[in-house]
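# Per-entry structural report
Here are the chains, one letter per residue:
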Amino acid sequence: FNGGYTWTNEALGLALDQFNSYSDATTSNKKVIVLLTDGEPYPYNEGHEPCLTSTDYKSPVLTSLDNLGVDIVTIGIDISLAIKDEKLDCISSSYFGVSQFLTLESLSVEIGELICDKIDGSFKTMSLAPSMKPTSYSYSNIPSSVPTPSPVIASPSMGPT
């Protein structure tokens, strides 16, 4: 993987469009987004950030999702602690981090349980990762070798990732 664009706010905007088009806002149906990212919003300072912790900035898209009562579960792949703190913690309080794509499968049960708890309305606080050090973090409970998960096919209309 040679890198590329990370349009986090636009991805959340696509989800918002789907909720607005296909959800009845008057129902009590729970709405959940699983946001999977391997980078900080890029290109920098061009409106791709849904929020910034240091300035309390929150995009109109993220505000609209909050107003709809959408729960967001964020999964970061090889994300630094600084980026997590500044650009992902303000998206949701449910964050999972892994060091590489291959370790995602090892979190599937915990993430599934969290999503089900959110949908059932019986959200439980879960501690899945050991405490983080100020300069770096890792997850020692994740095996170094796990089976390769099935590939996810992105829609061509989603734009660069």
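Shown above is the structure to which this text applies.
Quick summary incoming for the structure in this document.

Conventions we followed
Residues numbered from 1 in each chain as written. Predicted model: local features only at pLDDT ≥ 70, side-chain atom pairs only at ≥ 80, totals over all residues. Heavy atoms only, no water. Disulfide = S-S within 2.5 Å. Helix = DSSP H or I, 4+ residues; strand = E, 2+ residues; numbered from the N terminus. Buried < 20%, exposed > 50% of the residue type's maximum accessible area, 1.4 Å probe, protein only.

### Brief notes about the state of the cysteines
In total, this model carries one disulfide according to the counting rule given. Across the disulfide, C51 is cross-linked to C90 (sulfur-sulfur distance 2.1 Å). The chirality of the disulfide connecting C51 with C90 is right-handed, given an S-S dihedral of about 85°. Of the two residues, C51 sits in strand β2 (residues 51–52) while C90 sits in the loop between α3 (81–88) and β5 (94–98), which places them 39 residues apart along the sequence. C51 gets classed as buried once you look at its relative accessible area, which sits at 1%. Exposure remark for C90: the relative accessible area of 22% places this residue in the partly exposed category.

### Some thoughts on the environment of A11
Among the secondary structure elements, A11 is positioned in helix α1 (residues 8–22). Relative accessible area serves as the criterion here: at 33%, A11 is assigned to the partly exposed category. Note: C-alpha distance between A11 and H48 (37 residues apart in sequence) is 9.2 Å.

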